[in-house]
Amino acid sequence: MAWTNYQRILAILQVTTGSFNTLSVKFADQQEVVGDDGQVRHFNHPFMQSSFMFFGEALCFVAFKFFYYYYNRRADGSVDNNVLTKGTRIFNPFILLIPALCDMCATSIMYIGLNMTYASSFQMLRGAVIVFTGIFSIVFLHRKLRAWEWTGIAFVIVGLALVGASDMLTSENADMDTNSMLTGDLLIIFAQVITAIQMVVEEKFVGEQDIPALQAIGWEGIFGFIGICLVMIPLNFIKAPPPFADNSRGTLEHSVEALIQIGNSSKLLIAVIGIAFSIAFFNYAGISVTKEINATTRMILDSVRTVIIWAFSLAFGWQAFHYMQVIGFTVLLIGMACYNKVVIPQLFRKLRSRRGRHTLSGKEDHIVNTAADDVQETI
């Protein structure tokens, strides 16, 4: 079945904005800007970055309301047919509260990890969500995983180990802090536990709701932004050692210094704006791809995004090349393909059916030859 123009736009939008979002966060991490005490420091503010992301998602709610009132005023039924507004618009928004809080925790932890490791590794290690989603779906949704899903999980685990090993080897060659990079990788993997909980909750309580994508993202953005702002209040007073804290107060977050650094650097300001708007478009495109096409296509497009981020990081010297990361990514890709029943299971079925046909034809030839020999002996 051929894609429509709208589906092609969604696919391109998901890949480009998703890649741009991760690269924007990493670009912000690498900026060295004067802080509130006059010292030059890296922009190490993962919780503030998370708040910018949720602010961008909250803007989707504003966009949804704009499109809703625009099409509703036309009074031609387009509000119920347009892809931006059609669906179940009246629902209890608090069903999105738990997924939003899970997203808030997972994103903040992942941004801490991203500050310590490579952008490409960050994207690859997020594949660990398959392992935890499979486990939680057995426990809470009482699903029975098929053989190809267990195979996919096994491949993903091996791929994660290879990616982690490549990071350690690369960091040693580049004179980087190996322990810090390993900690970052482990934080990203741990964040996937929370993301898996989010996915299971969404499947159980939100999956049956045909909520417009813009409206769903908007509500999650509102809940997430309020939640992260409340969480940052105590974080501004909790002391932490480097690399978890790199600000004048030595706390997990220093919101005032983050705003001062943004005001002192136009590059940092552009990166922050890029984080906010790219995540809004990316989430809209991702949910819409799942609704318009399928979740498998969304997974494939995410893999394309990983390749783009990886290529960009290598081209601009953000990381060194290591062959083991290629192997790790390939194994991860095979695992995700198996779990999502893409290509790999179909190939095995074709090979099995061909082998069965060859075996059957061999048996038929053997029967025919045996019968011919019996006839010759009789003659």
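Preceding block: the structure.
Residues numbered from 1 in each chain as written. Predicted model: local features only at pLDDT ≥ 70, side-chain atom pairs only at ≥ 80, totals over all residues. Heavy atoms only, no water.

S.K.: Would you mind going over a nonpolar patch on the surface with me for this structure?
M.R.: A surface patch of nonpolar side chains, about 620 Å² in accessible area, is lined by Phe55, Phe225, Ile226, Leu230, Ile233 and Phe237. Sort the elements by how many residues they give to the nonpolar patch and helix H8 (residues 213-235) lands first, with four residues. Mapped onto the fold, Phe237 is located in the loop between H8 and helix H9 (255-264). (Patch = residues over 30% accessible without salt bridge, like charges linked within 9 Å, V, L, I, M, F, W, Y side chains within 5 Å. Areas by Shrake-Rupley, 256 points an atom, 1.4 Å probe, with all protein chains shown as cover. Salt bridge = Lys/Arg side-chain N within 4 Å of Asp/Glu carboxyl O. Helix = DSSP H or I, 4+ residues; strand = E, 2+ residues; numbered from the N terminus.)

S.K.: Explanation requested: the packing of aromatic side chains in the structure shown.
M.R.: Remark: the centre distance and the inter-plane angle together describe each pair of aromatic rings, the angle taken between the planes. Under the criterion given, the structure shown has 13 aromatic pairs. Residues Phe67 and Tyr71 carry aromatic rings whose centres are separated by 6.5 Å and whose planes lie at 20° to one another, so their mutual orientation is stacked. Highlighted residues: Phe67 and Tyr71, both in helix H2 (residues 46-74), separated by four residues, approximately one helical turn. Judged by relative accessible area, Tyr71 falls into the buried class, the value being 13%. Taking the centre distance of 4.2 Å and the plane angle of 25° together, the rings of Phe312 and Phe316 count as stacked. On the basis of relative accessibility, which here comes to 30%, the residue Phe312 falls in the partly exposed class. Owing to a relative accessible area of 55%, Phe316 belongs among the exposed residues under this scheme. Counting every residue linked through ring pairs, the aromatic cluster contains Phe61, Phe94, Trp219 and Phe223. (Phe/Tyr/Trp six-rings, centres within 6.5 Å; stacked < 30°, edge-to-face > 60°. Buried < 20%, exposed > 50% of the residue type's maximum accessible area, 1.4 Å probe, protein only.)

S.K.: Honestly, the pattern of salt bridges in this entry has me stumped. Any pointers?
M.R.: Working definition: two side chains of opposite charge can pair if their charged atoms are close together. Applying the stated criterion across every chain, the model contains seven salt bridges. As a salt-bridge pair, Asp37 and Arg41 come within 2.8 Å of each other at their nearest N and O atoms. Relative accessible area serves as the criterion here: at 16%, Arg41 is assigned to the buried category. In the salt-bridge network here, residues are joined through shared partners; they are Asp37, Arg41, Asp246 and Glu257.

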